[in-house]
Amino acid sequence: MLSQRGTSRAGFFDIPWRYAPTQTYDREKNPDGLISFGMAEHVGTHAERDCEIYNEKVIFTEDSIGYRAKPPSATRLPTALAAHINKNFNPYSPVDPNNVLTVSSPTALGGMLGFTLAEPGDGILVSRPMYGRFELDYGVEADIKIIYADTEPEESFTPAVVRKYEVALKEAEQNGVKIRAVLIANPNNPVGRCYPVETLKEICRFCQKHQIHLISDEVYALCVFDSGDADAVPFSSILSLDFSNLIDPNLVHFMYGFSKDFASGGLHLGFLISQNKQLLRACKAILRLHAASGAAVTIGAAILEDQEFVSSFISKARQSLASRYRIATSTLDKAGIRYVKGGNAGFFIYIDLSPYLPPESAENPSHQKREFALAQKLLDEGVFLHPGEEHAANPGWFRLVFTQDEDILREGLRRLINAVKGQDRNGSFGN
């Protein structure tokens, strides 16, 4: 017999389409395999990073494999991370390494923040569309609810978004759910846009007004590229704001990690930066369950300390992102598939497949069932897009991850267009 919590968590695997299938495509060995546009990973940057840093510059010591690093090894990574943030994020006040907490991943950090900032059943407020796995990050262990403010993609980036926050907060509290924090992903996942400074300030004011926390997840911060759109908003970190007369600094918490900017999801390194000493102390108390490995810490420090490599790596990654983005958007434009414009960050494009949803029927009576049916049609064609995962206010919107090798990206897009448009196998459009 399991506990009520255990039974509930085991049931997550029974939720349709909750977990994504694995990509199996290989041009030579398995050309009919599945291409997944669901996993947000920058595939094309792995080889260079591994060869240059892992094989040449990482030196393991006893601290890399022991239970606990000794001084000065214990402060090496927080110091390197603070220097990285101070150089690349334009913080209003320099980041103090003492305000940096290293954990096993941003995913783990979500659970830790949920546990320390809220009670079971409390809520964290987000505007949608939003990365759907936050429900798992904050819910699996901490049992925190993600509460969605109904917004359109464009509206999410304007100061007016706080009016929708107000409505969602009031409705949640009327339903007995106490809102403990606002969570933003900046750059936004899945829209791939950055928040304007004035919107960030307005969100800060909202949190100050209600005395709730602001969590800024900035794992895609340096994955900003030239999309060709002169009106695209540049990235501004929450740390770049002057919190004076804006928000109590103890309410602001910054999240970062290696998984996106450094294409190192398997390294499992995440960071919390906060001036809230009580929060840091509470998180340290549960760090034994979520600590990063000594080996990962050694690798992470070696990467960040080599600032010349970091600059080169980020520059080349941005070039790759820009190239893939333009291939994807030009292909979507040619096929007449709509998507949110103004993207210049992250690994994804938010596309509108609502015209290709099957009609309502006894077999597909709800918006969710219709999205599932379309996702299955795509899957039958050999390409995966996650249905309903990004929680759009309207059905038919999907997150398309474009950071594949170029040949895989083009083949995946061909399959997608074939599924919704009726292309024939040689690439021409059918009637």
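Everything quoted here is computed from the prediction, not taken from an experiment. (Residues numbered from 1 in each chain as written. Predicted model: local features only at pLDDT ≥ 70, side-chain atom pairs only at ≥ 80, totals over all residues. Heavy atoms only, no water.)

**Some details on the UniProt feature "domain: Aminotransferase class I/classII large" (unreviewed entry) in the chain**
Logical step 1: UniProt's feature table lists "domain: Aminotransferase class I/classII large" (unreviewed entry) at residues 77-415, given in the numbering used throughout.
Logical step 2: Counted over residues 77-415, helix gives 39% and strand 16%. Its end C-alpha atoms are 44 Å apart. (UniProt positions renumbered as here; feature names shortened; annotations may be inferred. Helix = DSSP H or I, 4+ residues; strand = E, 2+ residues; numbered from the N terminus.)

**Regarding the nonpolar core**
Logical step 1: Counting residues in hydrophobic clusters, the biggest one holds 96 residues, and the most contacted among them are Leu125, Tyr138, Tyr165, Val182, Ile203 and Ile238.
Logical step 2: Not counting residues up to four positions away in its chain, the partners in contact with Ile238 are Leu200, Cys204, Leu214, Ser216, Glu218, Phe243, Val252 and Phe254.
Logical step 3: In terms of nonpolar packing, the next biggest core, distinct from the first, is built from 44 residues, Ala322, Ala335, Ile337 and Ile417 among them. (Core = buried A, V, L, I, M, F, W, Y, C linked by side-chain atoms within 4.5 Å. Buried < 20%, exposed > 50% of the residue type's maximum accessible area, 1.4 Å probe, protein only. Contact = heavy atoms within 4.5 Å.)

**Quick look at the state of the cysteines**
Logical step 1: Applying the stated criterion across every chain, the model contains 0 disulfides.
Logical step 2: Free cysteine: Cys204, not disulfide-bonded; nearest cysteine sulfur from Cys207 at 6.8 Å.
Logical step 3: We classify Cys204 as buried; its relative accessible area is 0%.
Logical step 4: Lacking any disulfide linkage, Cys223 is separated from the closest cysteine sulfur, that of Cys194, by 10 Å. (Disulfide = S-S within 2.5 Å.)

**Considerations on helix α7 (residues 161-174)**
Logical step 1: Taking 1.5 Å per residue, 14 residues should reach 20 Å; α7 reaches 20 Å between its end C-alpha atoms and fits that length.
Logical step 2: Regarding α7, the residues found buried are Val161, Val162, Tyr165, Ala168, Leu169 and Ala172. End-on, the buried residues of α7 take up no more than an arc of 115°, which puts them together on one face. The exposed residues of α7 that point more than 90 degrees off its buried face are Arg163, Lys170 and Gln174.
Logical step 3: Two residues or fewer after α7 comes Gly176, characterised by a positive phi angle close to 85°. (Expected span 1.5 Å × (residues − 1). Arc of directions from axis to C-beta.)

**Observations concerning the sheet that holds strand β4 (residues 145-150)**
Logical step 1: Ordered by their spatial adjacency, 7 strands build an open sheet running β2-β8-β7-β6-β5-β3-β4, and the pairing between neighbours is mixed. If you trace the sheet from one side to the other, it starts and ends with β2 (100-103) and β4, each paired once. The average angle at which neighbouring strand axes cross in this sheet is 25°, direction not considered.
Logical step 2: Where strand β6 (residues 213-217) meets strand β7 (residues 252-257), 4 bridges bridge the pair, whose relative direction is parallel. (Pairing = 2+ DSSP bridges. Axes fitted to C-alpha atoms, helices over the stretch in contact; angles between N-to-C directions.)

**Looking at the pattern of salt bridges**
Logical step 1: Inspection of the entire model under this criterion finds 21 salt bridges.
Logical step 2: For Arg133, the salt bridge is made with Glu389, and the minimal N-O distance between the two is 2.7 Å. Note that Arg133 is positioned in the loop between β3 (123-128) and α6 (134-139) and Glu389 in the loop between β11 (383-384) and β12 (397-401), a separation of 256 residues in sequence.
Logical step 3: The class of Arg133 is buried, set by a relative accessible area of 18%. (Salt bridge = Lys/Arg side-chain N within 4 Å of Asp/Glu carboxyl O.)

**Points about the packing of α7 against helix α8 (residues 197-210)**
Two packed helices can be described by the angle between their axes and the distance between those axes.
Logical step 1: Axis separation between α7 and α8 bottoms out at 9 Å; the angle between their running directions is 30°. Comparing the axis directions of α7 and α8 gives the class roughly parallel. Considering the relative orientation of α7 and α8, their crossing is right-handed. Across the interface between the two elements, Val161, Val162, Tyr165, Glu166 and Leu169 from α7 touch Thr199, Glu202, Ile203, Phe206, Lys209 and His210 from α8.
Logical step 2: Considered class by class, the residues forming the contact of α7 with α8 number 6 nonpolar, 2 polar and 3 charged. (Parallel < 35°, antiparallel > 145°, perpendicular 65-115°, else oblique. Left-handed = near helix turned anticlockwise from the far one by under 90°. Nonpolar A, V, L, I, M, F, W, Y, C, P; charged D, E, K, R; others polar.)

**Digging into the packing of aromatic side chains**
Logical step 1: Using the criterion set out here, one finds 21 aromatic pairs in the structure.
Logical step 2: Taking 5.7 Å as the distance between ring centres and 80° as the angle between the ring planes, the aromatic pair formed by Phe89 and Phe254 counts as edge-to-face. Of this pair, Phe89 sits in the loop between α4 (73-88) and β2 while Phe254 sits in strand β7, and the two are 165 residues apart along the sequence. When sorted by exposure, Phe89 lands in the same class as Phe254, which is buried.
Logical step 3: Both rings, one in Tyr220 and one in Phe348, keep their centres 5.1 Å apart while their planes meet at 80°; by these two values the pair is edge-to-face. On the criterion of sequence distance, the pair formed by Tyr220 in the loop between β6 and β7 and Phe348 in strand β10 (residues 348-352) is long-range, its members being 128 residues apart. Phe348 shares its class with Tyr220; the two are buried.
Logical step 4: Put simply, the rings of Phe258, Phe262, Phe271, Phe309 and Phe313 touch in pairs and so form one group of aromatic residues. (Phe/Tyr/Trp six-rings, centres within 6.5 Å; stacked < 30°, edge-to-face > 60°.)

**Some remarks on the domain arrangement of the chain**
Logical step 1: One can read the domain layout of the chain as domain 1 (4-47 + 310-421) and domain 2 (60-306).
Logical step 2: Facing 38 residues of domain 1, the contacting portion of domain 2 comprises 46 residues.
Logical step 3: For the domain 1 and domain 2 pair, buried surface summed over both sides reaches about 3,500 Å², with 55% attributable to carbon and sulfur atoms.
Logical step 4: Sorting the residues of domain 1 by area buried against domain 2 places Val310, Asn344 and His391 first, and these three jointly supply 19% of that buried surface.
Logical step 5: One can count 4 salt bridges joining domain 1 with domain 2.
Logical step 6: The tally of links from domain 1 across to domain 2 stands at 20 residue pairs in polar contact (both at pLDDT 80 or more).
Logical step 7: Sorting the residues of the side of domain 1 that touches domain 2 by element identifies α11 (307-335) and β10 as the ones contributing at least two each.
Logical step 8: The leading source of residues in the side of domain 1 that touches domain 2 is α11, at 9 residues.
Logical step 9: For the side of domain 1 that touches domain 2, a count of residues per class yields 19 nonpolar, 11 polar and 8 charged. (Domains from an automatic or database assignment. Buried area = accessible area lost by both parts, 1.4 Å probe. Polar contact = N/O pair within 3.5 Å; in protein donor to acceptor, adjacent residues only side chain to side chain.)

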